[in-house]
Amino acid sequence: MHSPTLTILAALLTALVTAVLYAVWHFNKNIPGLRLWMLSFLCSSIFTLSLLVRSWLPEVVGVAISQGFVALGAYLCLLAGRTYMGRRPFSHLYAVVGIGALVALSVVFTVVYPHLGMRFVLAGLGAGVCYLLTARTLAAGGMHRVPARYLLAGVLGLHGLFLLLRPALFTLGSAGPGVLPGAGPMALVSQFVVLEAIVAVVLLGFGALILANEFITSELRHLAEVDPLTSVFNRRAFFTLLDKAVSGAQRTHTPVPVLVLDLDHFKTINDTWGHRAGDDVLRHFVALALRCLRKEDVMGRLGGEEFAIFLPNAGAEGARAVAERLRLLVESHPATAGVQSIPLTVSIGIALCGPGDSAGAALQRADEAMYLAKQRGRNRVEMSGPAAAAAAPAVVATAA
Ligand SMILES: Nc1nc2c(ncn2[C@@H]2O[C@H](COP(=O)(O)OP(=O)(O)OP(=O)(O)O)[C@@H](O)[C@H]2O)c(=O)[nH]1
């Protein structure tokens, strides 16, 4: 295909991708880095447009615009990647100095020592390094969390490498028999370079959209699974996770201890200190509880001031020890409302979810054990029948 036709195609596609990213960003302004992705594509659009009007501009102006916007676009891409990954942005001073130096050198190699090859090297250098750094930034972390990020990192890495190696292609092309652009190997190289740019624009545009989609999906999952007040799992998500843990444990015939925890006299706390202080107490309680748990233990809020925990790798005795530690920690760490402290205690029921048992039934038994703890004076740990037997010879109930 004729090179100018390819350039027009590249300009149209880049403008289209920019418009799509703008629309997505307009309705999802909370997606980190999306505005920067969009601005990066805007720079690429200006660059491709500048190629189309190049013959009407003084050469030095065309070169300065191209070099400036290619480098700025790549830098914004790097910033977008870092923002998406929650990394600190660079000082923009480095970028201003770097881009300014690239543009100045390009002008030198246009006006003072005209050298097309050096201009290609300069254009590829700044942008190539930025794309490679973006690829490295996106590839950091765990692949299992956001696999699509790796696709984008791969495309960015290949594009960055191509930009760095591109001058070699032109050297090869100019060594061929037809040295004029538009004929012979040089024309083929030019077409290949524009084709690569078109493919890169489309893939990077898709990559940015996939990232945006991934972010929205994980936000929705978070909203659907996590209790907004305490940031532990909500009732539904806790049940799902417990069900999964119970099915896994039944295959290995290891019972899963389930704890139901209910704050004592929470209504009085609300009535005395106000609902907002009550909310703070709930968060304080969760923070204390998490201090007693291991990484694999799961905590959820069943509703109000009632919570549940399951401990996948603890037996009956281990569960009892955790519950007792938690009870003591809560008792010895009152919450605070301003300078005053709010005394706090918790009643805990434990049940074991063994082979042939269901998550719902185990939770029900743990709930009954928790009510027994309430009846027996609160600030206690009680185990339901089979769990108590499994924890023997430990004393069944612990008085406050
Ligand atoms: N601050 C706050 N209070 C809540 C929330 N959810 C439920 N509550 C309150 O928690 C209180 C629960 O009271 P009760 O069920 O009587 O239980 P209790 O006072 O802890 O008594 P016992 O459980 O028998 O020790 C009610 O006053 C609810 O309004 C919440 O998200 N924030």
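Keep in mind the model is a prediction, meaning the values are calculated, not measured. (Residues numbered from 1 in each chain as written. Predicted model: local features only at pLDDT ≥ 70, side-chain atom pairs only at ≥ 80, totals over all residues. Heavy atoms only, no water.)

A closer look at the nonpolar core
- If you look at the biggest cluster of nonpolar residues, it comprises 41 residues, and the most contacted ones within it are Leu21, Leu34, Trp37, Tyr131, Leu138, Leu152 and Leu156.
- Those elements giving two or more residues to this core turn out to be helix 1 (3–27), helix 2 (34–52), helix 3 (59–84), helix 4 (92–112), helix 5 (116–139), helix 6 (148–175) and helix 7 (184–225).
- Sort the elements by how many residues they give to this core and helix 3 lands first, with nine residues.
- Once residues within four sequence positions are removed from consideration, Trp37 is found in contact with Leu21, Cys77, Ala80, Gly81, Thr134, Leu138, Leu152, Ala208 and Leu211.
- Of all hydrophobic cores here, the second largest spans 37 residues; its members include Leu229, Val281, Cys292 and Leu326. (Core = buried A, V, L, I, M, F, W, Y, C linked by side-chain atoms within 4.5 Å. Buried < 20%, exposed > 50% of the residue type's maximum accessible area, 1.4 Å probe, protein only. Helix = DSSP H or I, 4+ residues; strand = E, 2+ residues; numbered from the N terminus. Contact = heavy atoms within 4.5 Å.)

Examining the packing of aromatic side chains
- In total, this model carries five aromatic pairs according to the counting rule given.
- Plain terms: the ring middles of Tyr84 and Phe215 are 6.4 Å apart, the flat faces sit at 65° to each other, and that makes the pair edge-to-face. Pair noted here: Tyr84 is in helix 3 and Phe215 is in helix 7, with a separation of 131 residues, a long-range link.
- Classification of Phe215 by relative accessible area gives buried; the value is 17%.
- Aromatic side chains Phe162 and Phe192 sit 5.7 Å apart centroid to centroid with 65° between the ring planes, which places their arrangement in the edge-to-face category. Taken together, the positions of Phe162 in helix 6 and Phe192 in helix 7 put the pair 30 residues apart, joining distant regions of the chain.
- Above the plane of the ring of Trp25 lies Lys29, whose end atom (NZ or CZ) is 4.9 Å from the centre. (Phe/Tyr/Trp six-rings, centres within 6.5 Å; stacked < 30°, edge-to-face > 60°. Lys NZ or Arg CZ within 6 Å of the ring centre and 35° of its normal.)

Quick look at unusual backbone geometry
- For Ser231, which is not glycine, the phi dihedral falls at a positive 65°.
- You can see Ser231 is positioned in the loop between helix 7 and strand 1 (233–234).

Side note on the site of the ligand
- Surrounding the ligand, one finds 17 residues, the nearest of these being His265, Phe266, Lys267, Asp279 and Arg301.
- The separation between an oxygen atom of the ligand and a polar side-chain atom of Arg301 is 2.7 Å.
- Lys374 is positioned with one of its side-chain polar atoms (N or O) 2.9 Å from an oxygen atom of the ligand.
- Alone, the ligand offers 670 Å² of accessible surface; in the complex the protein occludes 67% of this.
- At the level of elements, strand 2 (256–263), helix 9 (266–273) and helix 10 (275–292) are the ones that each hand at least two residues to the shell around the ligand.
- Tallied by class, residues from the shell around the ligand come to four nonpolar, five polar and eight charged. (Near = heavy atom within 4 Å. Polar contact = N/O pair within 3.5 Å; in protein donor to acceptor, adjacent residues only side chain to side chain. Areas by Shrake-Rupley, 256 points an atom, 1.4 Å probe, with all protein chains shown as cover. Nonpolar A, V, L, I, M, F, W, Y, C, P; charged D, E, K, R; others polar.)

Side note on the pattern of salt bridges
- Taken as a whole and judged by the stated rule, the model has 12 salt bridges.
- Two residues, Arg327 and Glu324, come together in a salt bridge whose shortest N-O distance is 2.7 Å. With Arg327 and Glu324 both in helix 11 (residues 316–332) and three residues apart, the pair spans about one turn of that helix.
- Using a relative accessible area of 4% as the deciding quantity, one classes Arg327 as buried.
- Taking relative accessible area as the criterion, Glu324 reaches 16% and is therefore assigned buried.
- Ionic contacts of the salt-bridge type, sharing partners, join the residues Asp262, Asp264 and Lys374 into one network. (Salt bridge = Lys/Arg side-chain N within 4 Å of Asp/Glu carboxyl O.)

Focus: the packing of helix 10 against helix 11
- At a minimum axis distance of 9 Å, the contact between helix 10 and helix 11 shows a crossing angle of 140°. When the interaxial angle is binned, helix 10 and helix 11 end up oblique. The two elements helix 10 and helix 11 meet at a crossing, and its hand is right-handed. For the pair helix 10 and helix 11, the contacting residues are Phe285, Leu288, Ala289, Arg291 and Cys292 in the first and Val322, Arg325, Leu326, Leu329 and Val330 in the second. (Axes fitted to C-alpha atoms, helices over the stretch in contact; angles between N-to-C directions. Parallel < 35°, antiparallel > 145°, perpendicular 65-115°, else oblique. Left-handed = near helix turned anticlockwise from the far one by under 90°.)

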